[in-house]
Amino acid sequence: MARGVGKLASHIPGGAATVTHSWPSADRLALTVATMGVEVPCTVDAEDNMLRVTLELPGMLALMAGPISAIVRKQGERLVLDDNSAEKE
């Protein structure tokens with residue numbers, strides 16, 4: 001996750017996102033994704049066999065929770081797979 005977090009903004013649709021992050025613990029990444037005047041706090045928790053992503057969607061974006069979830073899942077898998085393929089080289 002540490003290597004991929006710098007690439008995260010480029011995977012967010014629209015191309016105008018900024019991502020700030022911190023590591024509250026060794027297995028938790030805290031993010032804030034900001035785009036078009038909206039900030040979305042997120043956490044990524046590393047568990048034994050999976051990553052758990054939690055987003056706090058503001059009111060209007062909550063209506064888009066399904067499509068946002070699909071994008072996060074797809075792009076998250078891509079980031080993790082890209083990161084793992086770099087380790088194999």
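Located above this text is the structure these notes cover.
Rules behind the numbers
Residues numbered from 1 in each chain as written. Predicted model: local features only at pLDDT ≥ 70, side-chain atom pairs only at ≥ 80, totals over all residues. Heavy atoms only, no water. Pairing = 2+ DSSP bridges. Helix = DSSP H or I, 4+ residues; strand = E, 2+ residues; numbered from the N terminus.

Comments concerning the pairing of strand β2 (residues 28-35)
Next, step 1: Across six bridges, the pairing between strand β1 (residues 18-25) and β2 is antiparallel. Its bridge partner being in β2, Thr20 is matched across the sheet by Thr32.
Next, step 2: In textbook terms, the turn of a hairpin is the stretch between consecutive antiparallel strands, and for β1 and β2 this stretch comprises two residues.
Next, step 3: From the end of β2 to the start of strand β3 (residues 38-46), which pair antiparallel, there are two residues, and Met36 there has a positive phi angle of about 50°.

Some points on the pairing of strand β4 (residues 51-55)
Next, step 1: Pairing between β3 and β4: five bridges, direction antiparallel. Pairing of Ala46 across the sheet is with Leu51, part of β4.

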